[in-house]
Amino acid sequence: MRRTAGLLLTLPLLLAVACSSSPKAAGPATPSTASAAPTVPPPVTEASPMPTLSGGGFGSKATITLPEGQPSGQFVVNTVTEGERSTVNKGDWVTVNYTAKDWTTGKDLPSSYDDNGKPQLYQAGSGQLVPALDQSVIDKKVGTRLLVVAPPAAAFGEQGSTQLGVSKGDTVVFVLDIVESLPPDSTLTGNMTQAAATLPQVKDNGKAPVGITIPAGQAAPTDLQQAVLIKGEGKQVKTGQTLVVQYTGVLWSNGQQFDSSWTHGGAQAVQIGTGSVIEGWDKGLVGQNVGSRVLLVVPPALGYKDQAQGSVPPNSTLVFVIDILEAV
């Protein structure tokens, strides 16, 4: 649950599409009415000349060696090694590690494998990132390494990227490792246990908001209550990570649902432990394990306090059931 109910969180994306009217953006942006985006050429699997790769394979930083000669101008998406897991579909939440090099200048660009680097988490085909990442992963399998040659239209266009040091019109080479993919209708499986009788009870409804029943005659707790209904076996959630979650929220006062990821198209991404979400989420989710279903009862002081938010009245106690699908 974000600080403003029902609004999507804007994630910090290093390789995001940007527009000239947005000084905070990192690269060429989603086109505005004032400036149309260049047409992205259809991808091909080979072109001449082509960069070569050395160093480690999937899961390690690649060394990109540029060939003699100028890039062909084609948008190349070449499968270096093919994975064996699920296929990425448009709209899936994808986690990608990357290495990059500016073909025009020969300069190495920041990599997710660098000491301070982080994987990119985004929805494939959503236009959040430059086409070199946004489009290249669709129909590829998790575990695949791709070599992508991105002409300006598929990279940072005529704006370039000040943040990355890419000038306008540069061709950029990416090596992408597809680490994970989650469809927006992903759900957790496993045996669900109920919380104590003094806490809300939960009914699994499959690919729909869970049912949450408030205990009759029970006063709302004054401090944060949490219960793990499904215990995940994945990595532990850490402060500053971005989580992919399914969630449903209801009011303790009357059990009315006021928000759910399912009403926003499915799984959502939120940054945790940094004040980007209500304090009850920050306190209740850091330290949990990926794959867990967590019940949180959030008192007003850790929720929206005395402020109304949409259909949430001031001083409301909030009840959430949150499925932690991934942490990046």
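This is a predicted model, so every value here is computed, not measured.

Draft legend 1. Looking closely at the overall build of the protein chain. Helix and strand counts for the protein chain come out as 2 helices and 16 strands. Evaluated residue by residue, the protein chain yields a buried proportion of 49% over its 328 residues. Excluding contacts between residues fewer than 6 apart, the proportion of contacts in the protein chain whose partners are at least 24 apart in sequence is 72%. Accessible area of the protein chain: about 14,500 Å², with a carbon and sulfur share of 49%.

Draft legend 2. View of the packing of aromatic side chains. Taken as a whole, this structure holds 3 aromatic pairs when the rule is applied. Ring geometry for Phe 258 against Phe 320: centres 5.7 Å apart, planes inclined by 80°, an arrangement best described as edge-to-face. Remark: Phe 320 occurs in strand β16 (residues 318–327) and Phe 258 occurs in strand β13 (residues 257–260); sequence separation between them is 62 residues. Per residue, the accessibility class of Phe 258 equals that of Phe 320, and both read buried. Aromatic rings pair up to connect Tyr 247, Phe 258, Trp 281 and Phe 320 into one cluster.

Draft legend 3. Quick look at the environment of Pro 221. Tracing the backbone through its elements, the reader meets Pro 221 in the loop between β10 (211–213) and β11 (225–230). Residues Pro 221 and Thr 198 lie 23 residues apart in sequence; the distance between their C-alpha atoms is 9.5 Å.

Draft legend 4. Seen up close, the side chain of Asn 289. Inspection of the secondary structure assignment puts Asn 289 in the loop between α2 (279–285) and β15 (293–298). Classification of Asn 289 by relative accessible area gives buried; the value is 14%. Among the polar contacts listed, one links the side chain of Asn 289 to the side chain of Lys 231, at a separation of 2.9 Å. At 2.9 Å, the side chain of Asn 289 and the backbone oxygen of Gly 234 are in polar contact.

Draft legend 5. Representation of the nonpolar core. Of all hydrophobic cores here, the largest spans 29 residues; its most connected members are Leu 133, Val 137, Val 148, Phe 156, Phe 174 and Leu 176. Those elements that provide at least two residues to this core are β4 (93–102), α1 (131–134), β7 (145–150) and β8 (172–182). The residues touching Leu 133, leaving out its near neighbours within four places in the chain, are Leu 15, Gln 120, Tyr 122, Phe 174 and Leu 176. Grouped together as the second largest cluster of nonpolar side chains are 25 residues, Val 237, Leu 243, Val 290 and Leu 296 included.

Draft legend 6. Inspection of the confidence of the model for the protein chain at higher detail. Predicted confidence across the protein chain gives a mean pLDDT of 89, with 89% of residues reaching 70 or more. Low pLDDT, under 50, characterises residues 3–12; the stretch is placed with 26 contacts to residues that sit more than four places away or in other chains. Contacts for the low-pLDDT stretch residues 18–35, under 50 throughout, to residues beyond four places or in other chains number 39 contacts.

Draft legend 7. Geometry of the environment of Gln 257. Inspection of the secondary structure assignment puts Gln 257 in strand β13. Taking the C-alpha atoms as reference, Gln 257 lies 9.2 Å from Ser 311; in sequence the two are 54 residues apart. Sequence-distant contacts of Gln 257, defined by excluding residues within four places in its chain, comprise Pro 209, Thr 248, Gly 249, Val 250 and Thr 263.

Draft legend 8. Fine view of the pairing of β13. Of the pairings in the sheet, the one linking strand β12 (residues 242–251) to β13 comprises 3 bridges and is antiparallel in character. The partner of Thr 248 across the bridge, within β13, is Ser 260. The hairpin turn running from β12 into β13, its antiparallel successor, is 5 residues long, and Gly 255 in that turn takes a positive phi close to 75°.

Draft legend 9. Layout of the side chain of Lys 101. Take Lys 101: it is sitting in strand β4. Filtering out sequence-adjacent residues up to four positions away, Lys 101 remains in contact with Ile 64, Leu 66, Gly 106, Lys 107, Asp 108, Leu 109, Thr 171, Val 172 and Val 173.

Draft legend 10. View of the pattern of salt bridges. Summed over all chains, the structure comprises 9 salt bridges. When the shortest N-O distance is used, the salt bridge between Asp 108 and Lys 101 registers 2.7 Å. Taking the relative accessible area as the measure of exposure, Lys 101 reaches 10% and is therefore buried. Note that Arg 293 is salt-bridged to Asp 204, the shortest N-O span being 3.0 Å. Residue Arg 293 is found in strand β15, and its partner Asp 204 is found in the loop between β9 (201–203) and β10; the two are separated by 89 residues along the sequence. Sharing partners across several salt bridges, the network here consists of Asp 204, Arg 293 and Asp 323.

Draft legend 11. Region of interest: the pairing of strand β1 (residues 52–55). Two strands pair when backbone bridges link them, and β1 and strand β2 (residues 62–65) are joined in this way by 4 bridges, in the antiparallel orientation. Looking at β2, one finds that Thr 52 is bridged to Thr 65.

Draft legend 12. The arrangement of empty space enclosed by the protein in detail. Taken as a whole, this structure holds 1 cavity of 30 Å³ or more when the rule is applied. Lining the largest cavity, in full, are Thr 187, Gly 206, Ala 208, Pro 209, Val 210, Gln 246, Tyr 247, Thr 248, Trp 262, Arg 293, Val 321 and Asp 323. Secondary-structure elements contributing two or more residues to the lining of the largest cavity are β12 and β16. In terms of residue class, the lining of the largest cavity is built from 6 nonpolar, 4 polar and 2 charged.

Draft legend 13. Here's a closer look at unusual backbone geometry. Ser 48 connects to Pro 49 through a cis peptide bond whose omega is 0°. One non-glycine residue with positive phi stands out, namely Lys 305, at about 55°. Even without being a glycine, Asn 315 presents a positive backbone phi close to 60°. Relative to the helices and strands, Asn 315 is located in the loop between β15 and β16.

The rules behind these values
- Residues numbered from 1 in each chain as written.
- Predicted model: local features only at pLDDT ≥ 70, side-chain atom pairs only at ≥ 80, totals over all residues.
- Heavy atoms only, no water.
- Helix = DSSP H or I, 4+ residues; strand = E, 2+ residues; numbered from the N terminus.
- Buried < 20%, exposed > 50% of the residue type's maximum accessible area, 1.4 Å probe, protein only.
- Contact = heavy atoms within 4.5 Å.
- Areas by Shrake-Rupley, 256 points an atom, 1.4 Å probe, with all protein chains shown as cover.
- Phe/Tyr/Trp six-rings, centres within 6.5 Å; stacked < 30°, edge-to-face > 60°.
- Polar contact = N/O pair within 3.5 Å; in protein donor to acceptor, adjacent residues only side chain to side chain.
- Core = buried A, V, L, I, M, F, W, Y, C linked by side-chain atoms within 4.5 Å.
- pLDDT = per-residue confidence, 0-100.
- Pairing = 2+ DSSP bridges.
- Salt bridge = Lys/Arg side-chain N within 4 Å of Asp/Glu carboxyl O.
- 1 Å grid on protein atoms, 1.4 Å probe; cavity = no way out; pocket = protein on both sides within 12 Å on 5 of 7 lines; lining within 4 Å.
- Points joined across faces, edges and corners; volume = space filled by probe spheres on them.
- Nonpolar A, V, L, I, M, F, W, Y, C, P; charged D, E, K, R; others polar.

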